[in-house]
Number of protein chains: 2
Amino acid sequence: MSAGEPHSIPCPDPQLAAAAEYVLANPGKQLRAKLVRETAAMLGSADPNCGVETVATAIELLHSYSLVHDDLPAMDNDDLRRGRPTVHRAFDEATAILVGDGFQARAFEIIARDSSLSAEQRVELFALLSQAVGFEGMVGGQALDMAAEHQQCGIAELTRLHRLKTGALIQAAVVGGAIVAGANRETLDRLATFAMNLGLAFQVIDDVLDVTACSDDLGKTAGKDAISGKSTYVTCLGIDGAKAEAARLLNEAVDALEPFGESALALRDVALSMVERSK
Amino acid sequence: MSAGEPHSIPCPDPQLAAAAEYVLANPGKQLRAKLVRETAAMLGSADPNCGVETVATAIELLHSYSLVHDDLPAMDNDDLRRGRPTVHRAFDEATAILVGDGFQARAFEIIARDSSLSAEQRVELFALLSQAVGFEGMVGGQALDMAAEHQQCGIAELTRLHRLKTGALIQAAVVGGAIVAGANRETLDRLATFAMNLGLAFQVIDDVLDVTACSDDLGKTAGKDAISGKSTYVTCLGIDGAKAEAARLLNEAVDALEPFGESALALRDVALSMVERSK
């Protein structure tokens, strides 16, 4: 596997294969893959054959699976994703459920099969990723997010929710890149702090853009939060307050990179691009 | 983790936690867990602390996840499972989707965290399980199964479909138990043959029972195949023909156990109970 090459998935059912291909052919901004790559590169592991691309692909598969399931009618009921009809619109709901299910398994499979990673590294990646996407991570966060549509949330609850729903996988991308590079515990902890603050800043800006951007720019339906009456960083803090909170979180994130000096510049640029974006 | 103790799952959302508990509290016959245990015991690894129970739990989590998703309205639209309302009936569709998603992640997580298994064993188990439940296994088989509702299938297509949909996880249970016991390649291959024939025999009987048993006995809706006009081993072979085919497959399975002699008696009994069942 090398950078930029689209992942291909063997699948015996033609419609399911087509739906998987439909998602993979339009992979979005791949911010999480960039985080894997730049973290590994910062720590001296730029060789794309040493497992970096496998982890980048696995993280993007997990992210794509979460989007396909979150978009389902029973969840956020979205028609538009990455500028095109969502999978259940382009195909059907059963196919969308199965694509998500299959992507989750595939993410774990490609890590299990990458013998350029040591068995210990693969086990560490498995523990990291399975927790990040599980009940104590992305899945739990999505459940809290749906429950929050029916109640007023304060900043503390929003933060808890988004640490799980969005933050956990962004953190896993950064820590995953560091595991591939053979980082020690102290480095892993420092990068986890960087990534958790970055993940929250990213989500705050997501809430801002839902109010200030249009669907064409976002590639997904804008204004959804207001329609669903959901608590967001914007309803809690206002647009300016939310932007200030994003800037504060981004600063905390960037501060955590200080010990890495100039080698962190590319990773810092990815972080800046995730928060200072307009779509 | 020890045999029979129900698995508990940490989850921050109360409704999702309740739904997970709802499934785990009513775990069904746990045939796949028995296959893991009896295979490991046959090969000399009966110590429940050596990873056997972890693998048994993981396989049952994966099986439960597949049932919860397969029962969804967009899939088989079933109201009854293990004698109680399906998860999307007892809770809601979003919760059922998330329970399944979370169970898949949890299965991988508990294996990743079981340090009584060597890193190499865990990697082997990840590769086995992720393929068994992925596009080239259970998920692909479910897609083929749904596609088959709209067309006539012959025995060859049914066999291919059920090898993936039902057989792959049954095979993973047996091979997983053997990996925990440290089996060599020849033993793994022999047990894979046993399990694949057993899995098919199990499915043939499932098709027979859908026609001959009542919903109360099955704990799920009987007669579904006829209503949906689906091709089954019964529509292809008739009831007696299907029973004869199940007996033939069971014989092939049991034959593969011959080299293990008397130590295979308990595993053989599990196999017999799976095929000579009335519910």
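Quantities reported herein were computed from a predicted structural model and do not represent experimental measurements.

Reading the values: rules and limits
- Residues numbered from 1 in each chain as written.
- Chains lettered and ligands numbered in written order.
- Predicted model: local features only at pLDDT ≥ 70, side-chain atom pairs only at ≥ 80, totals over all residues.
- Heavy atoms only, no water.
- Helix = DSSP H or I, 4+ residues; strand = E, 2+ residues; numbered from the N terminus.
- Contact = heavy atoms within 4.5 Å.
- Least-squares fit on C-alpha atoms with pLDDT ≥ 70 in both.
- Phe/Tyr/Trp six-rings, centres within 6.5 Å; stacked < 30°, edge-to-face > 60°.
- Buried < 20%, exposed > 50% of the residue type's maximum accessible area, 1.4 Å probe, protein only.
- Lys NZ or Arg CZ within 6 Å of the ring centre and 35° of its normal.

Q: What am I meant to see in the environment of Ala 132 of chain A here?
A: Residue and element names in this part refer to chain A. Of note, Ala 132 is situated in helix α6 (residues 119–133). Sequence separation between Ala 132 and Ala 173 is 41 residues; the distance between their C-alpha atoms is 9.7 Å. If we ignore the near neighbours within four places in the chain, the residues touching Ala 132 are Gly 137, Met 138, Ala 168 and Ala 172.

Q: What is the right way to look at the relation of the copies chain A and chain B in this model?
A: Rotating chain A by 180° about the axis while translating it 0.0 Å along that axis superimposes it on chain B, leaving an RMSD of 0.0 Å. Here the symmetry operator amounts to a two-fold rotation axis. If distances are taken from each C-alpha of chain A to the rotation axis, the shortest is found for Ala 119 of chain A, at 2.7 Å. Both copies present the same face, since 100% of the interface residues in chain A are matched by interface residues at the equivalent positions in chain B.

Q: Explain the packing of aromatic side chains to me, please; I cannot follow it from the model alone.
A: Describing an aromatic ring pair means giving the distance of the ring centres and the angle of the ring planes. Tallying each qualifying case throughout the model produces eight aromatic pairs over all chains. Consider the rings of Tyr 22 of chain A and Phe 91 of chain A, whose centres lie 5.5 Å apart with planes at 75°: the pair is edge-to-face. Placement of the pair is Tyr 22 of chain A in helix α1 (residues 14–24) and Phe 91 of chain A in the loop between α4 (87–90) and α5 (93–112), with a sequence separation of 69 residues. Looking at Tyr 22 of chain A, the relative accessible area reads 17%, which means it is buried. Between Phe 108 of chain A and Phe 126 of chain A, the aromatic rings sit 5.2 Å apart at their centres with planes inclined by 20°, giving stacked as the arrangement. Here Phe 126 of chain A lies in helix α6 and Phe 108 of chain A lies in helix α5, a separation of 18 residues in the sequence. The exposure class assigned to Phe 108 of chain A is buried, which follows from its relative accessible area of 1%. Residue Phe 126 of chain A is classed as buried on the basis of its relative accessible area of 1%. Here a set of aromatic residues connected by ring pairs shows up, and it is made of Phe 108 and Phe 126 of chain A together with Phe 108 and Phe 126 of chain B. Lying over the aromatic face of Tyr 22 of chain A, Arg 84 of chain A brings its terminal NZ or CZ to 3.8 Å of the ring centre.

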